[in-house]
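Chain residues, written in single-letter form:
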Amino acid sequence: MKIFFPLTSYYPSQIGGVSNTVFWHIEELEKNNINCSIVCTNIGIKNNEVSLNEFNKTKYGNIYYGKGGMFDLKILFKSFSQVKDNEVIHTNALFDPIGMLTFFFGKIFYPSKLYICSVRGAISDTALSYSPVKKKIALFIYRKLNKNVIFHATSDDEFKNISKVLKTDNKIYLPNYMKTATRIENINVKKKLVFLGRIHPIKRIENLIKAVRMSDNFVKNGFELDIIGTYEERHSWYFSKLKKLTFESNLEDKINFLGHIQGKEKEIKIAESYALILPSDSENFGNVVIESLNQGTPVIASNKTPWSILPEFEAGFFVGNSPSSLSITINDFLSISSEKYLNYRKNAIDLVDQKYDIKKNIFKWIKKYQQELN
């Protein structure tokens, strides 16, 4: 089987969760003798980190890193040329320019190919509120070209939304599977809460800052909040807003903006944290939740994310993302017994091992590809 993945960014780029999610996916497919090709930009790639403007055969796919932006014509034409030679075209993120334009090209000139479109949060109400006119035009085209197309959802809500927004029932539901990082052993848990992700208005980090200010157990018992992540230049105003709110709340000595951290340093930061908090207005999945659970760190997730499973496994909480709701949960969680807290950490690891390890679940994707091709 030959599968083509047109993408804006791909490993080792760390721009967004899709870069890593698709990397883990392809790496496991290649181990199972499925040939994967990728065309992407060099966005998020350091100088001389990869060879540009040529295909590179690796254990995680045959990759063309194009030097240029997401609308670079050379990259787009290289992507278009791959459609003919592959049985499956699998796009990721519905409005990703390279994936979207390759999909439109392929459906016009190679309509009998199998197309799988991983939606990746693009059709939530919140996501559609950004650049709404452009997205309405794109959705209109998707609806007209949805024959021989399977739309992939990673959450229950997204699965329902596909029928509503894309007007089709050709859909599948498989969660994100991840290659879990090495677990940090014998870690000393500190009085730290952590946010990990993009600095973006949709993440509602301001609600988290207000919440910890309102929590007596956070303020009086020596806890701190680490905010790990970077922002695009167009969202610099939002970062400034968060810094100003921190200053006005007199929390400069309790809230640390740490920028981008990766690798083992990031895993240590997660492992030593008391809890990770994801207060987003919308998430199609939230890879950071699995990263946190994998290190045994419980998670407090907004009920606007797909993580209702957390309280079911007693691995975390699923609550409203208003400052008051977050504050009540934080306050209560910081006061539980050591024995109960250690149980949360054990349950967090058990949840990842059972549900989200890609090595144990890649067969589900392989079976789905084969079924749809047949």
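Refer to the structure presented above.
Notes on the structure in this doc start here. (Residues numbered from 1 in each chain as written. Predicted model: local features only at pLDDT ≥ 70, side-chain atom pairs only at ≥ 80, totals over all residues. Heavy atoms only, no water.)

## Observations concerning the nonpolar core
Reasoning step 1: Phe5, Tyr10, Leu29, Leu293, Trp307 and Leu310 are the most contacted members of the largest nonpolar core, which has 54 residues in total.
Reasoning step 2: Leaving out residues up to four positions away in the same chain, Leu29 has contacts with Ile3, Phe5, Ile34, Cys36, Ile362, Ile366 and Tyr369.
Reasoning step 3: Phe4, Ile75, Met100 and Ala122 belong to the second largest nonpolar core, which has 30 residues in total. (Core = buried A, V, L, I, M, F, W, Y, C linked by side-chain atoms within 4.5 Å. Buried < 20%, exposed > 50% of the residue type's maximum accessible area, 1.4 Å probe, protein only. Contact = heavy atoms within 4.5 Å.)

## So, the sheet that holds strand 5 (residues 88-92)
Adjacent strands of a sheet pair through backbone hydrogen bonds, lying either parallel or antiparallel.
Reasoning step 1: Pairing in this open sheet of 8 strands is mixed, and the strands run 3-4-2-1-5-6-7-8 from one edge to the other. Pairing within the sheet leaves two strands with one partner each, and these edge strands are strand 3 (55-58) and strand 8 (171-173). The average angle at which neighbouring strand axes cross in this sheet is 20°, direction not considered.
Reasoning step 2: Here 5 bridges tie strand 5 to strand 6 (residues 114-118), and the two strands are oriented parallel to one another. Directly across from Val88, in strand 6, lies its bridge partner Leu114.
Reasoning step 3: Strands in contact with helix 2 (residues 73-83) are strand 1 (2-6), strand 2 (35-41), strand 3, strand 4 (61-66), strand 5 and strand 6; relative to strand 2, the strand with the most contacts, it is inclined by about 160°. (Pairing = 2+ DSSP bridges. Helix = DSSP H or I, 4+ residues; strand = E, 2+ residues; numbered from the N terminus. Axes fitted to C-alpha atoms, helices over the stretch in contact; angles between N-to-C directions.)

## Notes on the pairing of strand 4
When a strand is regular, its side chains alternate between the sheet's two faces.
Reasoning step 1: Burial analysis of strand 4 places 5 of its 6 residues in the buried class, which makes it a mostly covered element.
Reasoning step 2: As paired strands, strand 2 and strand 4 are joined by 5 bridges and run parallel to one another. Paired with Ile38 across the two strands is Ile63, which belongs to strand 4.
Reasoning step 3: As defined by bridge partners, strand 3 adjoins strand 4 across 4 bridges and the pair is classed as antiparallel. Paired with Thr58 across the bridge in strand 4 is Gly61.
Reasoning step 4: Here strand 3 folds back onto strand 4, and the loop between the two strands holds 2 residues.

## Topic: the sheet that holds strand 10 (residues 224-228)
Reasoning step 1: Taken together, 6 strands build an open sheet; the order of strands is 11-10-9-12-13-14 and the sheet is parallel. Here the strands that pair on one side only, and so sit at the sheet edges, are strand 11 (255-259) and strand 14 (316-319). Here the average twist between neighbouring strands, direction ignored, is 20°.
Reasoning step 2: Pairing of strand 10 with strand 11, which is carried by 4 bridges, proceeds in the parallel orientation. Bridge pairing links Asp226 to Asn256 in strand 11.
Reasoning step 3: Where helix 7 (residues 205-214) meets the sheet, its contacts fall on strand 9 (192-196), strand 10, strand 11 and strand 12 (275-278), and the angle it forms with strand 10 comes to roughly 170°.
Reasoning step 4: Sheet strands in contact with helix 11 (residues 287-294) are strand 9, strand 12 and strand 13 (299-302), and its direction is about 170° off that of strand 12.

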